[in-house]
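Examining the three-dimensional arrangement
Here's the letter readout for the chains.
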Amino acid sequence: QVQLVEAGGGFEQAGDSLRLLCTTPGRTFGNAAMGWIRQTPGNHSELVASITMSTGNNIYADSVKGRLTVSRDNTKNTMYLQMNNLKSEDTATYSCAAKIGVGGLISRPGWYDYWGQGTQVTVSS
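Here goes a summary of the coordinates provided. Model, not experiment: these values are computed from the prediction. (Residues numbered from 1 in each chain as written. Predicted model: local features only at pLDDT ≥ 70, side-chain atom pairs only at ≥ 80, totals over all residues. Heavy atoms only, no water.)

1. A closer look at the packing of aromatic side chains
Under the criterion given, the structure shown has one aromatic pair. Measuring from centroid to centroid gives 6.4 Å for Tyr-112 and Trp-115, while their planes differ by 80°, and the two rings are edge-to-face. (Phe/Tyr/Trp six-rings, centres within 6.5 Å; stacked < 30°, edge-to-face > 60°.)

Here's what the structure looks like:
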């Protein structure tokens, strides 16, 4: 069983920064695609970033380019999402997801096989 655990969500003011973490306890993803997907209060689901664990290649949703940065530390089995210049529209539940055994990026949330429980980010304007 693959377990993904998110942390780092919270209540922030617009313009603040926040860093989310996704850990994979006891498991190293040498060849996997991982992503951050957010679900807004209106139930809109959006992939905000994806990264390949082997090479670090990444993609972003247009809505977050220049403000959010995805990275990974394979020595810690951890993926990060650095969120800068937060906006009220960033308010959502952020989940990390993984698809094992692929070397490319995955832009569609439905293509991921494993999901974390999600962490809430609330941004007040």
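2. Side note on the side chain of Thr-119
For Thr-119, the location among the structural elements is in strand E11 (residues 119–124). In this structure the side chain of Thr-119 is engaged in a polar contact, spanning 3.2 Å, whose partner is the backbone nitrogen of Gly-9. Ignoring sequence-local partners within four residues, the contact set of Thr-119 consists of Glu-6, Ala-7, Gly-8, Gly-9, Leu-20, Ala-92, Thr-93 and Tyr-94. (Helix = DSSP H or I, 4+ residues; strand = E, 2+ residues; numbered from the N terminus. Polar contact = N/O pair within 3.5 Å; in protein donor to acceptor, adjacent residues only side chain to side chain. Contact = heavy atoms within 4.5 Å.)

3. Points about the environment of Tyr-112
Mapped onto the elements, Tyr-112 comes out in the loop between strand E9 (92–100) and strand E10 (114–115). C-alpha of Tyr-112 to C-alpha of Gly-35: the two residues are 77 residues apart in sequence and 8.3 Å apart in space. With residues near it in sequence (within four places) discarded, Tyr-112 still touches Ala-33, Met-34, Gly-35, Ile-37, Leu-47, Ser-50, Ala-97, Ala-98, Lys-99 and Ile-106. In this structure the side chain of Tyr-112 is engaged in a polar contact, spanning 3.1 Å, whose partner is the side chain of Ser-50. Within the structure, the side chain of Tyr-112 is placed 2.7 Å from the backbone oxygen of Ile-106, a separation counted as a polar contact.

4. Description of the sheet that holds strand E3 (residues 18–23)
Across the sheet, four strands lie side by side as E1-E3-E8-E7; this open sheet has antiparallel pairing. Two strands lie at the open edges of the sheet, namely strand E1 (5–7) and strand E7 (68–73), each paired on one side alone. Neighbour to neighbour, the strand axes of the sheet diverge by 15° on average, direction disregarded. When E3 meets strand E8 (residues 78–83), the two strands line up antiparallel, connected through six bridges. By the bridge assignment, Arg-19 is partnered in E8 with Gln-82. (Pairing = 2+ DSSP bridges. Axes fitted to C-alpha atoms, helices over the stretch in contact; angles between N-to-C directions.)

5. Section: unusual backbone geometry
The phi dihedral of Asn-43 is positive, around 70°, even though this residue is not glycine. Within the secondary structure layout, Asn-43 lies in the loop between strand E4 (32–39) and strand E5 (45–52). Judged by its relative accessible area of 59%, Asn-43 falls in the exposed class. Its identity as a non-glycine residue notwithstanding, Asn-85 has a phi of 50°, on the positive side. Within the element layout of this structure, Asn-85 appears in the loop between E8 and E9. (Buried < 20%, exposed > 50% of the residue type's maximum accessible area, 1.4 Å probe, protein only.)

6. Overview of the pairing of E3
Burial along E3 is one-sided: the residues Leu-18, Leu-20 and Cys-22 are buried and none of Arg-19, Leu-21 and Thr-23 is. Note that E1 and E3 share three bridges and pair antiparallel. In the sheet register, Val-5 faces E3, and the bridge partner there is Thr-23.

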